[in-house]
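Architecture at a glance
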4 protein chains.
Amino acid sequence: MSTVIKNGTIVTADLTYEADVRIEGGKITEIGPDLKGDETLDATGCYVMPGGIDPHTHLEMPFMGTYSSDDFESGTRAALAGGTTMVVDFALPSPGQGLLDALQMWDNKSTRANCDYSFHMAVTWWSEQVFNEMETVVKERGINTFKHFMAYKGALMVNDDELYASFQRLSELGGIALVHAENGDVVAELQAKLMAAGNTGPEAHAYSRPAQVEGEATNRAIMIADMAGVPLYVVHTSCEEAHEAIRRAKMQGKRVWGEPLIQHLTLDESEYFHEDWDHAARRVMSPPFRDKRHQDSLWAGLQSGTLSVVATDHCAFTTEQKRFGVGDFTKIPNGTGGLEDRMPMLWTYGVNTGRLTPNEFVAVTSTNIAKILNCYPRKGAVLVGADADLVVWDPAKEKTISADSQQSAIDYNVFEGKHVKGLPRFTLTRGKVAVHDGEIRTEEGHGEFVKREPAGAVNTALSTWKELTAPRPVERSGIPATGV
Amino acid sequence: MSTVIKNGTIVTADLTYEADVRIEGGKITEIGPDLKGDETLDATGCYVMPGGIDPHTHLEMPFMGTYSSDDFESGTRAALAGGTTMVVDFALPSPGQGLLDALQMWDNKSTRANCDYSFHMAVTWWSEQVFNEMETVVKERGINTFKHFMAYKGALMVNDDELYASFQRLSELGGIALVHAENGDVVAELQAKLMAAGNTGPEAHAYSRPAQVEGEATNRAIMIADMAGVPLYVVHTSCEEAHEAIRRAKMQGKRVWGEPLIQHLTLDESEYFHEDWDHAARRVMSPPFRDKRHQDSLWAGLQSGTLSVVATDHCAFTTEQKRFGVGDFTKIPNGTGGLEDRMPMLWTYGVNTGRLTPNEFVAVTSTNIAKILNCYPRKGAVLVGADADLVVWDPAKEKTISADSQQSAIDYNVFEGKHVKGLPRFTLTRGKVAVHDGEIRTEEGHGEFVKREPAGAVNTALSTWKELTAPRPVERSGIPATGV
Amino acid sequence: MSTVIKNGTIVTADLTYEADVRIEGGKITEIGPDLKGDETLDATGCYVMPGGIDPHTHLEMPFMGTYSSDDFESGTRAALAGGTTMVVDFALPSPGQGLLDALQMWDNKSTRANCDYSFHMAVTWWSEQVFNEMETVVKERGINTFKHFMAYKGALMVNDDELYASFQRLSELGGIALVHAENGDVVAELQAKLMAAGNTGPEAHAYSRPAQVEGEATNRAIMIADMAGVPLYVVHTSCEEAHEAIRRAKMQGKRVWGEPLIQHLTLDESEYFHEDWDHAARRVMSPPFRDKRHQDSLWAGLQSGTLSVVATDHCAFTTEQKRFGVGDFTKIPNGTGGLEDRMPMLWTYGVNTGRLTPNEFVAVTSTNIAKILNCYPRKGAVLVGADADLVVWDPAKEKTISADSQQSAIDYNVFEGKHVKGLPRFTLTRGKVAVHDGEIRTEEGHGEFVKREPAGAVNTALSTWKELTAPRPVERSGIPATGV
Amino acid sequence: MSTVIKNGTIVTADLTYEADVRIEGGKITEIGPDLKGDETLDATGCYVMPGGIDPHTHLEMPFMGTYSSDDFESGTRAALAGGTTMVVDFALPSPGQGLLDALQMWDNKSTRANCDYSFHMAVTWWSEQVFNEMETVVKERGINTFKHFMAYKGALMVNDDELYASFQRLSELGGIALVHAENGDVVAELQAKLMAAGNTGPEAHAYSRPAQVEGEATNRAIMIADMAGVPLYVVHTSCEEAHEAIRRAKMQGKRVWGEPLIQHLTLDESEYFHEDWDHAARRVMSPPFRDKRHQDSLWAGLQSGTLSVVATDHCAFTTEQKRFGVGDFTKIPNGTGGLEDRMPMLWTYGVNTGRLTPNEFVAVTSTNIAKILNCYPRKGAVLVGADADLVVWDPAKEKTISADSQQSAIDYNVFEGKHVKGLPRFTLTRGKVAVHDGEIRTEEGHGEFVKREPAGAVNTALSTWKELTAPRPVERSGIPATGV
Ligand SMILES: [Zn+2]
Ligand SMILES: [Zn+2]
Ligand SMILES: [Zn+2]
Ligand SMILES: [Zn+2]
Ligand SMILES: [Zn+2]
Ligand SMILES: [Zn+2]
Ligand SMILES: [Zn+2]
Ligand SMILES: [Zn+2]
């Protein structure tokens, strides 16, 4: 049983050309003119692109005795509806919980996924057990990316010595360090101060996490990664201050990547000043939305390559869940949706405006992260032998985003009312057509875990350089004294 | 008649994998395991990479009644010997000469080329004729890149209004602006001042062209390109000041690329202080070599992506020609060699040290420039259908660079004595094996001109953005006066 | 006949203390407690500060057969009304006119001044005559500052080689180079393009002079000054791009100062989009007003010391004069008022908001420029022996700015409607009370020319450094050839 | 009994003029021509300048059961010998010790001082007691500056939440926060790693404290100070990374000062590679010496004003004490001398080269810090009423620095062999001539404690701005829900 995508224009991170694509057994088996197959998908007027990869989701994430409302089923359904064919979720150990234990929980939840997925492992505390299990996670479980929270004090946050120890360990194992970069100590102090001053509404969430605290933590993580000799990936880079730290690091030859979210690219802090508490609370996420100056910075980063990936941090809570925080903004669950809208929003505000070329669009939504995560070209490519995770993108298709018609399980959409132009005609996950011209045909459990090898080319190069420039002792005779 | 490269590891700008490559009719016809062909090239232990592209050469360039000593034959022979399979030379009209006229001269010279080549067109003066011929050059002659000299006052230099006019024209035609960025007015003043002070030796060449004058001109070209709405490519970026201007532009979303030379990456200004006049004079080029601070900046630029391409500005003059400038450094012909050594030197100092991954090596020596010049994936790729311009790279092969054994026509080598590790085992130009395990088998006249289309994806995106943000008149009634 | 200012708090650039001030013969003769004199001015609740110095005015400036409407009488009257006790005007030779000739014209006009004044000499063309007269101007006429226009192509603009020649000359003479920094070539091209596109209104003035062209020219002037070894003063720094260039230069140890105008600190580009043509045209000046991002940059520059002086570029044209440019924005005379409002506006938006300390206010309105111009402590100080140019500043005094009640000769005020808090109670020019509690008591012709010596401490230090680091020839034997 | 300094040129931070100075009762009583007094000091050919203030010393500092070898007697004697007339030492509570307790210890030690002095209070732990005693220290003890160590983990180091709490407290009290900025967690990790690798010599001290860890901590302290709304003074800024963070902060209008040491300005890291262990160990201090790139940055900072003060961190340990660290660099006591040499070294390398004007020399050695510490113009000025802390500086006087002839109690000098030109002819401490033409006439116990008031002008301005821009709650009706 083969499928052929016909009459489209293939757009990858570095090529644009007309060709048909044949798919068989979940893989791309041929690319060329005039292909034939059992099933045909008409891509006339469309771009055939690698399916999107969202490297930052929190599906069915435990929170205060409940869970984020999009699970691996609804979350990946929303993803596919918007042209995204792979998600990477974060396996989060509770403090004291082993990494493998936590991973088991994520394995269990992810069996319902409609598309392929992978995990980042989080290091939320430090011990010999964690040190040891990291090796198993890397070598046996196919996970080479480890997340560290510099915020959420008293919960997920780790300190600088723990960061260094974990980064050093990753350097040995050929892994990549990820950070949520906000100074958790200062955030906690600002939260307390704001609450004490009667600043209890959702806007105080934004006040408690200013760009400065994100910039600082980003800068600190970069230094620690440099000292430990490990590549660093900064999640949800939302502001000029953090972007500046990344740029500065890159211009010194450091191996650092930044990941803006589609929300920060297109929404701003005025959302928190909305007179409707619910409206504001639904936008509460960390880091919070910023102002136009920061948006301009993020877009320029995508254009120049100082920022590499557009993600969502999809972590959907219902209005009811958000209302846990009435009267105390620190209790509003952090997170928004975005999985379904990332690709159309970025196309509309990025490609249609001329900020990004279509190739750059593919790069930042799919190919770059596949390379960073070391699952390229299985994912992120339109090549013979690659997984047939594809989106047939219709640049003329339009809609107005609305919660009423979305796949996500929640009752609102932070992009409500935005008009987008550029939407999937078909989305294929390993050859299976999950979106067919507006109709959702996902299959629960179709998704598989994607293993990723450590010690990619960047790790290897960095280690070589660090070894070459390592400190050497001075040879001395007659130690210690002058004349001895 | 087919050739198969067997048992190698293919390395491209974004992939590393084991596969054989079959070539027929000058094209890559198949990539995969266990291929067979009429002829076999053993790539065991080697990397199979896109042949290098050097976008900056001056072969048989007219100079003071003579010519630079490497012509299209010896120059491209040297290129192939070092793994470079395409060069782009500059067609330089004399002041007053038409573009098409000049192009005819370059067509004549290039018939002897051993490998494929293309041209950049230079705009060395401005008139309606130039304005008109630019369209012909772009649309009929397949040249989309136009060089402008901001230095060489009284000869090739154009002023800011001419730059703007030409850039604006290129914006309309979908071309790309190139600049040699040094402030020619200030260079001329410094030259006069140094000569007057008795500073007549080759070191004064360096004194007369400090990093500041390059940084300034780079910054100016960027502004003018931004105003005209055209992508800008800065040739021979040699210093932090120029790199800083490029970084700053990129971080504002501007479309600018920088091109360091292998010479500036690996040689420094101390060469000009050599007690042997010949030694110093042989290194005279513009911009001159810089100090370590600048070298570090250039390497970091390659690592971070703020600089895109490594070239040579190959323009070889013999010691005899250099001696035109005894007693007056301003008369020393500007230019050094490098075509044969660019790839081994960059591999040795870049990949072997861990500064660059092998994929990044391919990107900066071949793929990036092929994309910028809009001849990708015909060039710069290892893909079915691409030209079989390939290098089989042996990372274990070593040599010490010496003029005694080089292909170039000149009597010295600026890299004399440098030990390199990483050299071509085979170099193929459109399928023809030009270098066979140390033996040179080039064929004069084998090279063909490579046409390049205008209006690439970056041009299109930039034009869209510029149109979107163009100034709009304010609608007013009752002009002019208050109350009217 | 002596005057005593009693019960005030003296505020200088570095001191705040309570003391009375006695004045006799136009000089400060004593500072201390309980002073007595023939006349007493009550400074209870007030700050006694050095009178403001506005180093950038164009009084009675020739323009298209007419003159800017504030002459030395009305202009200096407006200055005194606002607490400014010295102005520095620009002597502008016509192309071809000698410097001394032009100076004679300015001498004639300035006889009517109500307060002291000095001149900057402009270099608007280059010749041996100009070269020679520069020495006379410096040594005999007491002028050490020379202005250069990088814009106004075809009129005042000089090219890079002329800039270099003049800067070099100033380096020898111990002078300081001033620049109006905008790329005149590009402005001219943009003007033509806008006019051709039907963009003829005053908003097109802003479009034709974007921040980029100012940033570029500032950067270029800095490089040329560095090459020539002369301190540089950049007038009317209006944008982040120019400020960035200045910051970058300073952080390399270069001797550069920047001068924001009170207009750019407090007004923005939206003024040009006003539906009333007159409103917009009255705000036409070069550089034009910018957006909030640029304003923030300028304020931060004053706070951090990367910008040094707040001026006005006072050049007042009536509405009638402005209407020369109906239908062609390039004909709108460039210039706005500000002399009367600079100090109250800066106090209100700077000191009252906490951006500046009162001492910093004095520094940027008076003391810094007195030092730069080398007339400190005769001007800009509250010291025994200094000229009694003083303002008794009442921080509680308020008003709403309005053209109806201003001293300036024009029929509008760009700050119309702004509410200021902080105004002069008394202004003294060399001891004469020119403003007495709201009453204007100026005396036409009271003002005197202030001579200023060359070769200040900064010039001397810079010359020492440049000499120490000057290029030295390499000593060679056996030139030219190897082995010779 | 009066003293007159005759025939000198007074040089202050902003003035250079010829005048005599009369001194009586320890104060300056008159400045002018032809003064007479009981005693005359001939200043012919000399500059009369404010005595130096060294705001960073550790005299008789407790360390591992012993003390740094210069106490308040020998230390201030060395200071006076070099033209420095006031020192500010750090009162360091042990963890758990109260601030007032610690202050008592410093009061006891300082009774032997030969010149005036003040204290910074260190916050080395956090508790309600510390919080409360801070108020007493500020209001009753005349100390407005509080030091915080971000390094020395397990000893003096405080964490980010403690920093924030202390900074916030200082904001309320009108104090200034000082930081030793190095990331103590990372330093500790690097120390352990180096020791484990057998890198035990003094050069490993430098390896364990790279510029990156200082830059990071500086950046972090700036952010925390900004959040708390307190001015920040960064001690011993030694590298471009830290300077960059300070520059970046200043260019955002933040109130931050940086203090390079004379050692970092003139000595480099090669000292640690000396084959003599003693030589290297004697130079062990934190931060360690850096390379030329960093030195250039520091000098440029002094020139541009982004760095404000030159200090010494004088903390002298004998060779015998240094040898505690044989075999374990982490045990080498941290500290070098400098008090006696700061002024001649800075004059020689700063003023004589043209990097600094004489006025700038006074600013960075005396006046700037007097203003920051809020003891200007009592100290740091040549004004009637100011303390007669003066140095008569002979720019023609030369010597070669040597431990053999120094006042300091230790047996070596890190500047050994440096030739300086520019030395005190006389040094006066409150009118007493402590250095008389090469002869030391200090008087033990002459020195007095200098009280310093809180809430200076910068604190007031910053508080105004922070109040103006403080977060405000959004007014909402119908909380929480939509439509409720
Ligand atoms: Zn996060
Ligand atoms: Zn997240
Ligand atoms: Zn060139
Ligand atoms: Zn060239
Ligand atoms: Zn101007
Ligand atoms: Zn002007
Ligand atoms: Zn310290
Ligand atoms: Zn210290």
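Note that this is a predicted model, so its numbers are computed, not measured. (Residues numbered from 1 in each chain as written. Chains lettered and ligands numbered in written order. Predicted model: local features only at pLDDT ≥ 70, side-chain atom pairs only at ≥ 80, totals over all residues. Heavy atoms only, no water.)

Superposition of the two copies of the chain requires a rotation about an axis together with a shift along that axis. Each copy superposes on the other: chain D lies on chain A with an RMSD of 0.0 Å after a rotation of 180 degrees and an axial shift of 0.0 Å. Look at the turn and shift together and you get a two-fold axis relating the two. (Least-squares fit on C-alpha atoms with pLDDT ≥ 70 in both.)

This paragraph deals with the arrangement of the chains. Of all C-alpha pairs spanning chain A and chain C, none lies closer than 8 Å, and the two are not in contact. At the C-alpha level, the nearest point of chain B lies 8 Å from chain D, with no contact between them. (Contact = heavy atoms within 4.5 Å.)

Contact residues are listed per partner, giving 30 residues for chain D and 30 residues for chain C. It is Asp-14, Met-251 and Arg-255 of chain D that lose the most area in chain D upon contact with chain C, and together they represent 20% of the buried surface on that side. On inspection of chain D and its partner chain C, the count reaches four salt bridges. The shortest N-O distance in the salt bridge between Lys-371 of chain C and Asp-14 of chain D comes to 3.4 Å. Counting the contacts that link chain D with chain C gives 10 residue pairs in polar contact (both at pLDDT 80 or more). For the side of chain D that touches chain C, the secondary structure elements donating two or more residues are α8 (240-250), α11 (292-304), α14 (358-373) and α15 (457-468) of chain D. By residue number, the principal contributor to the side of chain D that touches chain C is α15 of chain D, which donates seven residues. The class makeup of the residues in the side of chain D that touches chain C is 13 nonpolar, 10 polar and seven charged. (Buried area = accessible area lost by both parts, 1.4 Å probe. Salt bridge = Lys/Arg side-chain N within 4 Å of Asp/Glu carboxyl O. Polar contact = N/O pair within 3.5 Å; in protein donor to acceptor, adjacent residues only side chain to side chain. Helix = DSSP H or I, 4+ residues; strand = E, 2+ residues; numbered from the N terminus. Nonpolar A, V, L, I, M, F, W, Y, C, P; charged D, E, K, R; others polar.)

Before going further, it helps to spend a moment on the coordination of the zinc ion (ligand 4). At this site the zinc ion (ligand 4) is bound by His-56 of chain B (NE2), His-58 of chain B (NE2) and Asp-313 of chain B (OD), with donor distances of 2.1 to 2.2 Å. In the primary sequence, the donor residues of the zinc ion (ligand 4) line up as H-x1-H-x254-D. (Donors = N, O, S within 2.8 Å, 3.2 Å for Na, K, Ca; no water.)

Another point: the interface of chain D and chain A. Every contact between the two is made by 53 residues of chain D and, on the other side, 53 residues of chain A. Put simply, chain D and chain A have eight salt bridges between them. Across the chain D-chain A interface, the total number found is 20 residue pairs in polar contact (both at pLDDT 80 or more). Grouping the amino acids of the side of chain D that touches chain A by side-chain chemistry returns 22 nonpolar, 10 polar and 21 charged.

The next thing to look at is helix α7 (residues 211-228) of chain A. The end-to-end C-alpha distance of α7 of chain A, which contains 18 residues, comes to 26 Å, matching closely the 26 Å that a straight helix rising 1.5 Å per residue would cover. Counting buried positions along α7 of chain A yields 17 of 18 residues, so the element is predominantly enclosed. (Expected span 1.5 Å × (residues − 1). Buried < 20%, exposed > 50% of the residue type's maximum accessible area, 1.4 Å probe, protein only.)

Residues and elements named next belong to chain A. Strand order in the open sheet made by the seven strands is β3-β2-β7-β17-β18-β19-β20, with mixed pairing throughout. In this open sheet, the two strands that pair with only one neighbour each are β3 (16-18) and β20 (439-440). Against the sheet, helix α13 (residues 342-351) makes contact with β7 (47-50), β17 (390-400) and β18 (419-429), and its axis sits at roughly 135 degrees relative to β18, the strand it touches most. (Pairing = 2+ DSSP bridges. Axes fitted to C-alpha atoms, helices over the stretch in contact; angles between N-to-C directions.)

Residues and elements named next belong to chain C. In this structure, Trp-347 sits in helix α13 (residues 342-351). Put simply, Trp-347 and Val-235 are 112 residues apart on the chain and 21 Å apart in space, counted from C-alpha to C-alpha. Setting aside residues up to four positions removed in sequence, Trp-347 forms contacts with Tyr-47, Met-49, Asn-352, Pro-358, Phe-361, Trp-393, Pro-395, Lys-421 and Gly-422.

Our next topic: the packing of helix α4 (residues 160-173) of chain A against helix α5 (residues 184-196) of chain D. Each pair of packed helices gets described by two things: the angle between the helix axes and the distance between those axes. The interhelical angle for the contact between α4 of chain A and α5 of chain D, taken along N-to-C directions, is 45 degrees, at an axis separation of 8 Å. Between α4 of chain A and α5 of chain D, the angle falls in the class oblique. Once α4 of chain A is placed against α5 of chain D, the crossing between them reads as right-handed. Here Asp-160, Asp-161, Tyr-164 and Gln-168 of chain A of α4 of chain A lie close against α5 of chain D, whose contacting residues are Asp-185, Glu-189, Leu-190 and Lys-193 of chain D. Looking at the contact of α4 of chain A with α5 of chain D, its residues break down into two nonpolar, one polar and five charged. (Parallel < 35°, antiparallel > 145°, perpendicular 65-115°, else oblique. Left-handed = near helix turned anticlockwise from the far one by under 90°.)

The subject of this paragraph is the UniProt feature "modified residue: N6-carboxylysine" (unreviewed entry) in chain A. All names here are of chain A. Sites flagged by UniProt as "modified residue: N6-carboxylysine" (unreviewed entry) map to Lys-147. Along the chain, Lys-147 falls in strand β13 (residues 145-149). Sequence-distant contacts of Lys-147, defined by excluding residues within four places in its chain, comprise His-56, Phe-90, Met-121, Ala-122, Val-123, Leu-178, Val-179, His-180 and Val-235. (UniProt positions renumbered as here; feature names shortened; annotations may be inferred.)

Okay, the packing of helix α7 (residues 211-228) of chain B against helix α8 (residues 240-250) of chain B next. Residue and element names in this part refer to chain B. The N-to-C vectors of α7 and α8 enclose an angle of 25 degrees; their axes lie 7 Å apart at closest approach. Comparing the axis directions of α7 and α8 gives the class roughly parallel. Crossing of α7 over α8 shows right-handed handedness. Packed against α7, whose contacting residues are Ala-211, Glu-214, Gly-215, Thr-218, Asn-219 and Ile-222, the element α8 presents Glu-241, Ala-242, Ala-245, Ile-246, Arg-248 and Ala-249 at the interface. Split into classes, the residues belonging to the contact of α7 with α8 amount to six nonpolar, three polar and three charged.

All names here are of chain D. Strand order in the open sheet made by the seven strands is β3-β2-β7-β17-β18-β19-β20, with mixed pairing throughout. Single-partner strands in this sheet number two, and they are β3 (16-18) and β20 (439-440). Helix-sheet contacts for helix α13 (residues 342-351) involve β7 (47-50), β17 (390-400) and β18 (419-429), and the interaxial angle to β18 is about 135 degrees.

Bringing the environment of Asp-14 of chain A into the picture now. Inspection of the secondary structure puts Asp-14 of chain A in the loop between β2 (9-11) and β3. A relative accessible area of 18% places Asp-14 of chain A in the buried class. Taking the C-alpha atoms as reference points, Asp-14 of chain A and Asn-183 of chain A, 169 residues apart in sequence, are found 38 Å from one another. If we skip the residues at most four places from it in the chain, Asp-14 of chain A touches Asn-359 of chain A together with Asp-14, Lys-371 and Tyr-376 of chain B. Here Lys-371 of chain B takes part through its side chain, which lies 3.4 Å from a polar atom of the side chain of Asp-14 of chain A.

Turning our attention to the packing of aromatic side chains. Tallying each qualifying case throughout the model produces 56 aromatic pairs over all chains. An aromatic cluster of three or more residues is present, and its members are Tyr-47, Trp-347, Phe-361 and Trp-393 of chain A. Here the basic side chain of Arg-355 of chain B rests over the ring of Trp-299 of chain B, its NZ or CZ set 4.6 Å away from the ring centre. The aromatic ring of Trp-106 of chain C is capped on one face by Lys-109 of chain C, whose charged end is 3.4 Å from the ring centroid. (Phe/Tyr/Trp six-rings, centres within 6.5 Å; stacked < 30°, edge-to-face > 60°. Lys NZ or Arg CZ within 6 Å of the ring centre and 35° of its normal.)

We now examine the relation of the copies chain D and chain C. Aligned on chain C, chain D shows an RMSD of 0.0 Å; the corresponding rotation is 180 degrees and the shift along the axis is 0.0 Å. A high fraction, 100%, of the interface residues of chain D reappear at the interface in chain C, so the copies pair face to face through one surface.

Applying the stated criterion across every chain yields a total of 156 salt bridges over all chains. In this structure, the salt-bridge partner of Glu-30 of chain B is Arg-22 of chain B, at a minimum N-O distance of 2.4 Å. Judged by relative accessible area, which is 30%, Glu-30 of chain B ranks as partly exposed. Residue Glu-216 of chain B is joined to Arg-220 of chain C by a salt bridge in which the shortest nitrogen-to-oxygen separation is 3.7 Å. With Glu-216 of chain B in helix α7 and Arg-220 of chain C in helix α7 (residues 211-228), the pair connects residues from two separate chains. Glu-216 of chain B gets classed as buried once you look at its relative accessible area, which sits at 1%. Here the salt bridges share partners, and the residues they tie into one network are Lys-27, Asp-116, Arg-378, Lys-379, Asp-387, Asp-389, Arg-430 and Glu-448 of chain A.

A word on the UniProt feature "domain: Amidohydrolase-related" (unreviewed entry) in chain A. With numbering aligned to this structure, UniProt lists the feature "domain: Amidohydrolase-related" (unreviewed entry) at residues 47-418 of chain A. Summarising residues 47-418 of chain A: 40% helix, 15% strand, and an end-to-end C-alpha distance of 22 Å.

Residue and element names in this part refer to chain B. On the secondary structure map, Thr-312 appears in the loop between α11 (292-304) and α12 (319-322). For Thr-312, a relative accessible area of 0% gives the class buried. Polar side-chain contacts of Thr-312 include one of 3.0 Å to the backbone nitrogen of His-314. If near-sequence neighbours (up to four positions away) are discounted, Thr-312 is found in contact with Asp-54, His-56, Thr-57, Leu-261, Ile-262, Gln-263, Met-285, Gly-338, Leu-339 and Arg-342.

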